[in-house]
Structure formats: structure tokens, C-alpha cells
Amino acid sequence: VLTLTEYLVESTLENMSNVHDNSHSYILSEEDAGRISALIVGAISSCSESGAGMSPAHDRCAILSYALARILTFSKLQSYCIVLQHNPSTILEIYTQAATLLFDLASWPVFSSQDRYTNLHEAKRGTISIAARSGLSSLFGYLNSFDRSDSFVQSFASKFFSSAPV
């Protein structure tokens, strides 16, 4: 997922800079970026079903977090409005579940030195936490680019900040 997302974004940026060479050029459209982000957020949301403690789903969530960060950063740079393309009532729950899981994972401890980790398990949790922080900050940064009075942004913030912990 991460490699595919990176390829799509990088090839689009390259093709946008080479406007005169349109042979085999691919441009990631706003609609495509919206679909990709919705799929990534949905996949992150599905990782929340893994329960407490560290699980293989959290590893997947970490990778998906980086892919989400990449597509949202690209979408923000292109001024794409990818979240609002979908049915807000349907996608709102998925975005809230994903953000809640990312918030939970982002709260795991991260140390500035590898020496502070007592074992491999703690180090892995730290890596997952960093990835979750990346995805979560990209999500909030992307939503912050909208007008704060936007109904989706208000609904998301209200639902996220009033939701129960994962």
C-alpha cells in the first residue's frame, strides 16, 4: 500500500511538472485521491477490531498510517477536497474509528534513545506509535485546511472528541 501510494503520488507530481510530455502520463485525480484515502482510512478503521494490546493489525495500521499521511499531504498540496466527496454520514464513522485508533496507538511511549527500550516489543510499540502520530497529524492537518464551520469537520471533531477510547 505504501509503495503503491508513493508511486501514484510521485508519478503524478513528475507528470505535472512535465506538462509538454503527455505520453503515458498519469495524473492522480481528486476523485482517485478521495477513493484511495477512503480505502486507507477504512483499512485503518478495520484494524481497531484487534482489541487491546499489540497485535499484527497494529503493524498494518502503522504502514497504512504512512500511506494515509502521504496521500493527505499530496491532496492538501493540490487543494483536493477528498473527504467531502463521500456521503458524510457513512464516512464520518469510519474516519472517527480510524482517528480514535491512531490516537490510541500514538499514545504509546516513544523514547529518544534506543537504549531506553527494555526489549524488542517496546521498541516495536514505539515505531508503531510514531507511524500513528504521522497519520493522525496528517489527518488533522488536512481537515484543518477546511473552513472550520464546514459541517463535516465540525461533525468529525464532535464525534472524535466525544468518542470512547478504543
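For the structure itself, look to the data block above.
So, a few notes on the structure that sits alongside this text.

### A few points about the overall build of the protein
Okay, so step 1: Within the protein, the regular secondary structure consists of six helices and zero strands.
Okay, so step 2: From first element to last, N terminus to C terminus, the protein shows the α and β order α-α-α-α-α-α.
Okay, so step 3: Across the 166 residues that make up the protein, the buried fraction comes to 40%.
Okay, so step 4: In the protein, the share of contacts with a sequence separation of at least 24, taken over all contacts with a separation of at least 6, comes to 72%.
Okay, so step 5: Carbon and sulfur atoms make up 56% of the accessible area of the protein, which totals about 9100 Å².

### Observations regarding the pattern of salt bridges
Okay, so step 1: Across all of its chains, the model carries four salt bridges by this definition.
Okay, so step 2: When the shortest N-O distance is used, the salt bridge between Arg35 and Glu31 registers 2.4 Å. Pair noted here: Arg35 and Glu31 are both in helix 2 (residues 30-46), with a separation of four residues, about one helical turn.
Okay, so step 3: Arg35 sits in the partly exposed class, given a relative accessible area of 45%.
Okay, so step 4: Judged by relative accessible area, which is 41%, Glu31 ranks as partly exposed.
Okay, so step 5: Ionic pairing is found between Asp59 and Lys124, a salt bridge with its closest N-O pair at 3.0 Å. Residue Asp59 is located in helix 3 (residues 56-77), and its partner Lys124 is located in helix 5 (residues 120-144); the two are separated by 65 residues in the primary sequence.
Okay, so step 6: Several salt bridges converge on common partners, so that one network encompasses Glu6, Glu10 and Arg70.

### Observations concerning the packing of helix 3 against helix 5
Okay, so step 1: Contact geometry of helix 3 with helix 5 gives a least axis separation of 8 Å together with a crossing angle of 30 degrees. As summarised for this structure, helix 3 and helix 5 are arranged roughly parallel, according to the angle between their axes. Crossing geometry of helix 3 relative to helix 5 is assigned as left-handed. Along the contact surface, helix 3 presents His58, Asp59, Ala62, Ser65, Tyr66, Leu68, Ala69, Leu72, Thr73, Ser75 and Lys76, while helix 5 presents Lys124, Ile128, Ile130, Ala131, Ala132, Ser134, Gly135, Ser138, Leu139, Gly141 and Tyr142.
Okay, so step 2: For the contact of helix 3 with helix 5, a count of residues per class yields eleven nonpolar, eight polar and three charged.

### Some remarks on the packing of aromatic side chains
The description of an aromatic ring pair rests on the distance of the ring centres and on the angle between the ring planes.
Okay, so step 1: Throughout the structure, instances matching the rule amount to two aromatic pairs.
Okay, so step 2: Judged by centre distance (5.7 Å) and plane angle (85 degrees), the ring pair of Phe74 and Tyr80 falls under edge-to-face. Here the two residues Phe74 and Tyr80 agree in accessibility, since each one is buried.
Okay, so step 3: Arranged with centres 6.4 Å apart and planes meeting at 10 degrees, the rings of Phe140 and Phe161 form a pair that is stacked. With Phe140 in helix 5 and Phe161 in helix 6 (residues 151-162), this pair connects stretches of sequence that are 21 residues apart.
Okay, so step 4: Overall, Phe140 belongs to the partly exposed group, its relative accessible area being 30%.
Okay, so step 5: A cation over a ring is seen here: Arg125 above Trp108, with NZ or CZ 3.9 Å from the ring centre.

Cut-offs and rules
Residues numbered from 1 in each chain as written. Predicted model: local features only at pLDDT ≥ 70, side-chain atom pairs only at ≥ 80, totals over all residues. Heavy atoms only, no water. Helix = DSSP H or I, 4+ residues; strand = E, 2+ residues; numbered from the N terminus. Buried < 20%, exposed > 50% of the residue type's maximum accessible area, 1.4 Å probe, protein only. Contact = heavy atoms within 4.5 Å. Areas by Shrake-Rupley, 256 points an atom, 1.4 Å probe, with all protein chains shown as cover. Salt bridge = Lys/Arg side-chain N within 4 Å of Asp/Glu carboxyl O. Axes fitted to C-alpha atoms, helices over the stretch in contact; angles between N-to-C directions. Parallel < 35°, antiparallel > 145°, perpendicular 65-115°, else oblique. Left-handed = near helix turned anticlockwise from the far one by under 90°. Nonpolar A, V, L, I, M, F, W, Y, C, P; charged D, E, K, R; others polar. Phe/Tyr/Trp six-rings, centres within 6.5 Å; stacked < 30°, edge-to-face > 60°. Lys NZ or Arg CZ within 6 Å of the ring centre and 35° of its normal.

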